[in-house]
Amino acid sequence: MSVEENPHISIITLLRGEKEFIPLLKDNFDKFDYPQDKLELLIIDDGKESLVSEFLDDERILYLHLSDKEIQEFLEKIEFPHDKEKVLWNYQSKTKRLPNGFKRDYGVGMASHDHYFHMDYDTVYNPRAITRKLRLMTRGTECIYNSSILCYDFYGKGMYKSESPYKIYEGTMLHTKNYWQNGGFKWT
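Residues numbered from 1 in each chain as written. Predicted model: local features only at pLDDT ≥ 70, side-chain atom pairs only at ≥ 80, totals over all residues. Heavy atoms only, no water.

S.K.: Hey, could you run me through the layout of surface pockets in this one?
M.R.: Empty space among the atoms can be located by rolling a probe the size of a water molecule over them. As a volume, the largest pocket reaches approximately 1600 Å³. Lining the largest pocket are 48 residues, and of these D120, I149, Y169, E170 and G171 sit closest to its centre. Sorting the residues of the lining of the largest pocket by element identifies strand 1 (9–15), helix 4 (100–110), helix 5 (129–137), strand 6 (148–153) and strand 8 (169–176) as the ones contributing at least two each. Tallied by class, residues from the lining of the largest pocket come to 25 nonpolar, 11 polar and 12 charged. (1 Å grid on protein atoms, 1.4 Å probe; cavity = no way out; pocket = protein on both sides within 12 Å on 5 of 7 lines; lining within 4 Å. Points joined across faces, edges and corners; volume = space filled by probe spheres on them. Helix = DSSP H or I, 4+ residues; strand = E, 2+ residues; numbered from the N terminus. Nonpolar A, V, L, I, M, F, W, Y, C, P; charged D, E, K, R; others polar.)

Set out below in C-alpha cells:
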C-alpha cells in the first residue's frame, strides 16, 4: 500500500462534556505540523449539554452532540454479547453514556476522509505526531498506534512511562478507512 503525500486526515476526539479541555484540544489541532487545509476535526460528545458554541470559530471542526434521547436510541440497538445479565448495558443506560468504541465508530463513519487520527482531549501531542505515523504507514501498514506513552505526574512532578493494559492507546492511532471497514472498534 502506498500512502499519497499529505492525504486528507479526519481527527476524531471523544468528549463527555469536558469543557475545560477545549483550549488544549484546539491548541493541539492548530499546532499539528501538517497542511491545515487537509485536516478536519470531528468531536463526538455525549455530555449533558451541547458545547457547539465553543467550536463555531473554525469551519474545519464538526461538533456532534448526542442528546439523552439519541444515546438511549443507540443503546437499544447495541448488543453486548458477554453481558447476559445486562450489567454493562444498564450502566451505560443509567449514566447516559455510550461506549467509547461505539463513539469512535460513529466518528469515523461521519468523517469525510480516508485517513483517521484519534486524538484524546486531555493529551499534549507532539506537533509531528501525524506526519511521523503517516511516514510509517508508507511501509505497508494500515494502522499505527502506541502501546506506551510518556506521562507527567502533576503532584509528583515527574515523568513516567505508562504501558497500556490493552496493548494500545486509542488516542495515538492513525489508520485507513479500509482498516476500519474490516473490523471497527470493540464496543465493550
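S.K.: Just to check I follow, could you spell out the pattern of salt bridges for this structure?
M.R.: A side chain with one charge can pair with a side chain of the opposite charge if their charged atoms come near. Taken as a whole, this structure holds 12 salt bridges when the rule is applied. A salt bridge links K26 to D57, with the nearest nitrogen and oxygen atoms 3.2 Å apart. Of the two residues, K26 is situated in helix 1 (residues 22–31) and D57 in the loop between strand 2 (39–45) and strand 3 (61–65); the sequence distance between them amounts to 31 residues. The class for K26 is buried, based on a relative accessible area of 18%. When the shortest N-O distance is used, the salt bridge between K69 and E73 registers 3.8 Å. One end of the pair is K69 and the other is E73, both in helix 2 (residues 68–77) and 4 residues apart, which spans about a single turn. By relative accessible area, E73 is classed as partly exposed at 41%. (Salt bridge = Lys/Arg side-chain N within 4 Å of Asp/Glu carboxyl O. Buried < 20%, exposed > 50% of the residue type's maximum accessible area, 1.4 Å probe, protein only.)

S.K.: I would appreciate a short explanation of the nonpolar core in the present structure.
M.R.: Nonpolar side chains tend toward joint burial in soluble globular proteins. With 25 residues, the main nonpolar core has I9, I11, F32 and F117 as its most contacted residues. Looking at this core, the elements with two or more residues in it are strand 1, helix 1, strand 2, strand 3 and helix 5. Per element, the largest residue contribution to this core is 4 residues, and it comes from helix 5. Listed in part, the 20 residues of the second largest apolar core include L42, L75, L98 and W180. (Core = buried A, V, L, I, M, F, W, Y, C linked by side-chain atoms within 4.5 Å.)

S.K.: Explain the environment of H175 to me, please; I cannot follow it from the model alone.
M.R.: Relative to the helices and strands, H175 resides in strand 8. Apart from the residues within four sequence positions on either side, H175 is in contact with V108, D114, H115, Y116, H118, M137, E142, C143, W180 and F185. A polar atom in the side chain of H175 sits 2.8 Å from the side chain of H118. (Contact = heavy atoms within 4.5 Å. Polar contact = N/O pair within 3.5 Å; in protein donor to acceptor, adjacent residues only side chain to side chain.)

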